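Geometric and topological summary
One letter stands for each residue in the lines below.
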Amino acid sequence: MTRWGMVIDLEKCVGCDTCSAACSQMNHVPAGAGWRQVIPLDMPKLGNPQNGRLFLPTNCMHCSDAPCQTVCPTTATFRHADGIVDIHDELCIGCGYCVVACPYLARTITRFDEVYAFTPELLTTASDRSGICTKCNFCLPRVEAGLAQGLTPGVDAAASPNCVNFCIADAIHFGDLHDPASNISRMIQEKPTMRLQEELGTDPAIQYVMRPDYTGMNGTAVELVPPRKQKVWHKPAAFNFILGGTGAAVYLLGLWLDWLGVPVTEWYKLLGPVLVGLGLLGLTLEAGRPFRSIHILRGWRHSWMSREAWAAVLFMPLAFAEWIWPHAALALLAGLAALAFLISQGFIVYRSRAVTAWNKPVVLWIMVAASFVSGAGFFLLAAALFNQTVIPYLAVAGLVSVLVQGGLWLVYLRGSGDKAFGLGTAVLRKRRSLLVTVGLGVVVPLILLTGILLVDLPPLLLGVTAVFGGGAVLLGSAGLKAQLILQAGYLRGIQAGPVQT
Ligand code: SF4
Ligand code: SF4
């Protein structure tokens, strides 16, 4: 079976960027996007005392274990039998999940409002690609058309990708990685080559001809491109994690109180789904193509974002039905859907493989714990105003969840990782951040909630303490999620793998 791939000769590339210009022109790449980058690398910074520069052309690596594909909630991203990873434009909703999963910085989403107006591309051919994710497809239509004419991709120009044809230095070569006699297989056998991010196990289809002494790495990985802040998930995404998580946890805590036989007003059965719905609405507004959002339900087999959506669309009507027709079976099903929603949210963040400050198992549990914390805080605030009998129970739930969240947070901040993890968590370790996440989110609630449990407070003081305790819990937990999503999201840098000679 054919597997299309590339060999790029770093000894030949002169950094002229002609390949990028040709790619954008021939593929009608939307304004503001770029399917290729040619990145200058200073040799001394790479450990080579020799002055000078290397140029690293990059594009989608057409990974055989592609993180972008496994997270895509709509199944827009898929892999052809010949190994080319492609996008069904009409299914993509521009959610950006693939962008924070791709460890090669290969994907872009452009929006009309983010590029300067009236570019020729916008006005002519690329407007249907605005708001969705786009990336290199190895010029697949050209390759297929060439094959249909009996031509050989990589040998015949009419069947080869545009970057290969336009490279002025003959640095880019295309062919079949699985054919030992192909042009690129022979290059790999004859020359020293390396692949990027080898340690991630994505099996990229692009190899680079590179002398080991160029970087002084001699078998060790070297960072070629530094980490950069992710720019696809903004406040609406954080809003969804905060509101949705709080809503699902409010519902579960209400069920727990019901199960204990504590007289609890029924409002939580509506408030939970309403908060989840508002969170999803915020997220939908951030998607590049919100009116196609129904496609998010297609990818449930592999994508946690799709599973989150499924959990939400099951949870909301089930909770509403249970409010109208109270029944233990309905309550159980709605509770299970709420739990699935919370766990899916944790997995969404954890499975973002390009963001190393998120791609830690402990982050999954921090997200779940923080939802219970904010749920308890929200419930406490409401209980202080409407139903003080449940305050001690909520104080216990708040204390337990705050302790779990605080413990996990400290474990997370003491952990180690690559440069992107260090950059992301450095922000979270700053005093101002700790004042919110630990001071407001742990210390203040510990004092106030313990006071509620140990001191026999008069009703007015009990209500005031619950308001302040609940408010601190809610703000601390919301601040933690917001900072994790908005501040710590650095995309990992690109590393050269060991050179194979
Ligand atoms: S390089 Fe990125 S976009 Fe391309 S297949 Fe790999 S993970 Fe997906
Ligand atoms: S639907 Fe989302 S994850 Fe899938 S290709 Fe589009 S932006 Fe990427």
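Residues numbered from 1 in each chain as written. Chains lettered and ligands numbered in written order. Predicted model: local features only at pLDDT ≥ 70, side-chain atom pairs only at ≥ 80, totals over all residues. Heavy atoms only, no water.

Considering the domain arrangement of the chain
- Domain boundaries assigned for the chain yield domain 1 (4-225) and domain 2 (235-491).
- In this structure, domain 1 and domain 2 have C-alpha centres spaced 39 Å apart.
- Taken residue by residue, the interface counts 32 residues in domain 1 and 25 residues in domain 2.
- In this assembly, domain 1 packs against domain 2 so that about 2100 Å² is buried in total across both faces, 54% of it on carbon and sulfur atoms. (Domains from an automatic or database assignment. Contact = heavy atoms within 4.5 Å. Buried area = accessible area lost by both parts, 1.4 Å probe.)

Quick notes on the packing of helix H12 (residues 391-414) against helix H13 (residues 419-428)
- Remark: H12 packs on H13, axes separated minimally by 10 Å, with the N-to-C direction vectors making an angle of 135 degrees. As judged from the angle between their axes, H12 and H13 are oblique. The two elements H12 and H13 meet at a crossing, and its hand is left-handed. Facing Trp409, Tyr412 and Leu413 of H12, the residues of H13 in contact are Phe421, Thr425 and Leu428.
- For the contact of H12 with H13, a count of residues per class yields five nonpolar, one polar and no charged. (Axes fitted to C-alpha atoms, helices over the stretch in contact; angles between N-to-C directions. Helix = DSSP H or I, 4+ residues; strand = E, 2+ residues; numbered from the N terminus. Parallel < 35°, antiparallel > 145°, perpendicular 65-115°, else oblique. Left-handed = near helix turned anticlockwise from the far one by under 90°. Nonpolar A, V, L, I, M, F, W, Y, C, P; charged D, E, K, R; others polar.)

Re the packing of helix H10 (residues 328-350) against helix H11 (residues 361-386)
- It is the contact of H10 with H11, at a shortest axis distance of 8 Å, that shows an interaxial angle of 140 degrees. Accordingly, the angle class assigned to the pair H10 and H11 is oblique. Between H10 and H11 lies a crossing whose hand is right-handed. Within the contact between the two elements, H10 uses Leu342, Ile343, Gln345, Gly346, Phe347, Val349 and Tyr350 and H11 uses Pro361, Val363, Leu364, Met367, Val368, Ser371 and Phe372.

Some remarks on a nonpolar patch on the surface
- Together, Leu385, Phe386, Leu460, Leu461, Val464, Val467 and Phe468 make up an exposed nonpolar region whose accessible area comes to about 760 Å².
- At the level of secondary structure, the elements contributing two or more residues to the nonpolar patch comprise H11 and helix H15 (459-486).
- Examining the composition of the nonpolar patch, we find that five residues originate from one element, H15, more than from any other.
- We classify Leu460 as exposed; its relative accessible area is 69%. (Patch = residues over 30% accessible without salt bridge, like charges linked within 9 Å, V, L, I, M, F, W, Y side chains within 5 Å. Areas by Shrake-Rupley, 256 points an atom, 1.4 Å probe, with all protein chains shown as cover. Salt bridge = Lys/Arg side-chain N within 4 Å of Asp/Glu carboxyl O. Buried < 20%, exposed > 50% of the residue type's maximum accessible area, 1.4 Å probe, protein only.)

Some details on the pattern of salt bridges
- As enumerated under the stated definition, the model contains nine salt bridges in all.
- For Lys419, the salt bridge identified is with Glu223, shortest N-O distance 3.1 Å. With Lys419 in helix H13 and Glu223 in strand S11 (residues 222-225), this residue pair connects regions lying 196 residues apart in the sequence.
- For Lys269, the salt bridge is made with Glu322, and the minimal N-O distance between the two is 3.1 Å. One end of the pair, Lys269, is in helix H8 (residues 268-286); the other, Glu322, is in helix H9 (residues 304-324), and 53 residues separate them in sequence.

Some points on the site of ligand 2
- Taken together, Cys72, Pro73, Thr74, Thr77, Cys92, Ile93, Gly94, Cys95, Gly96, Cys98, Arg107 and Cys133 make up all the residues around ligand 2.
- Partitioned by chemical class, the residues of the shell around ligand 2 number seven nonpolar, four polar and one charged. (Near = heavy atom within 4 Å.)

Notes on the nonpolar core
- By size, the foremost hydrophobic cluster in this structure holds 100 residues, and its most contacted members are Trp233 and Tyr412.
- The dominant element in this core, judged by the number of residues it contributes, is H11, at seven residues.
- Counting only domains with at least three residues in this core, you end up with domain 1 (4-225) and domain 2 (235-491).
- Discounting residues that sit within four places of it in the chain, Tyr412 has contacts with Ala357, Lys360, Val362, Val363, Ile366, Phe421, Thr425, Leu428 and Leu484.
- With 43 residues, the next largest nonpolar core counts Tyr268, Ala337, Ile391 and Ala466 among its residues. (Core = buried A, V, L, I, M, F, W, Y, C linked by side-chain atoms within 4.5 Å.)

As for the confidence of the model for the chain
- On average, residues of the chain score 91 in pLDDT, and 94% of them reach the 70 mark or higher.
- In the model, residues 121-125 has pLDDT below 50 throughout and makes ten contacts with residues more than four positions away in sequence or in other chains.
- Among the scores for the predicted complex, ipTM is 0.96 and pTM is 0.93. (pLDDT = per-residue confidence, 0-100.)

Thoughts on the environment of Gly261
- Along the chain, Gly261 falls in the loop between helix H7 (235-260) and H8.
- Residue Gly261 is classed as exposed on the basis of its relative accessible area of 60%.
- Spatially, the C-alpha atoms of Gly261 and Ser371 are 23 Å apart, while their sequence positions differ by 110 residues.

With respect to the sheet that holds strand S10 (residues 206-209)
- What the four strands build is an open sheet, ordered S8-S1-S10-S9; its pairing is mixed. In this open sheet, the two edge strands, each paired with only one partner strand, are strand S8 (172-176) and strand S9 (193-194).
- Taken together, the four bridges between strand S1 (residues 4-9) and S10 define a ladder with parallel strand orientation. For Asp9, the partnering residue across the bridge sits in S10 and is Val209.
- Seen against the sheet, helix H6 (residues 183-190) touches S1, S8, S9 and S10 and runs at an angle of roughly 110 degrees to S8. (Pairing = 2+ DSSP bridges.)

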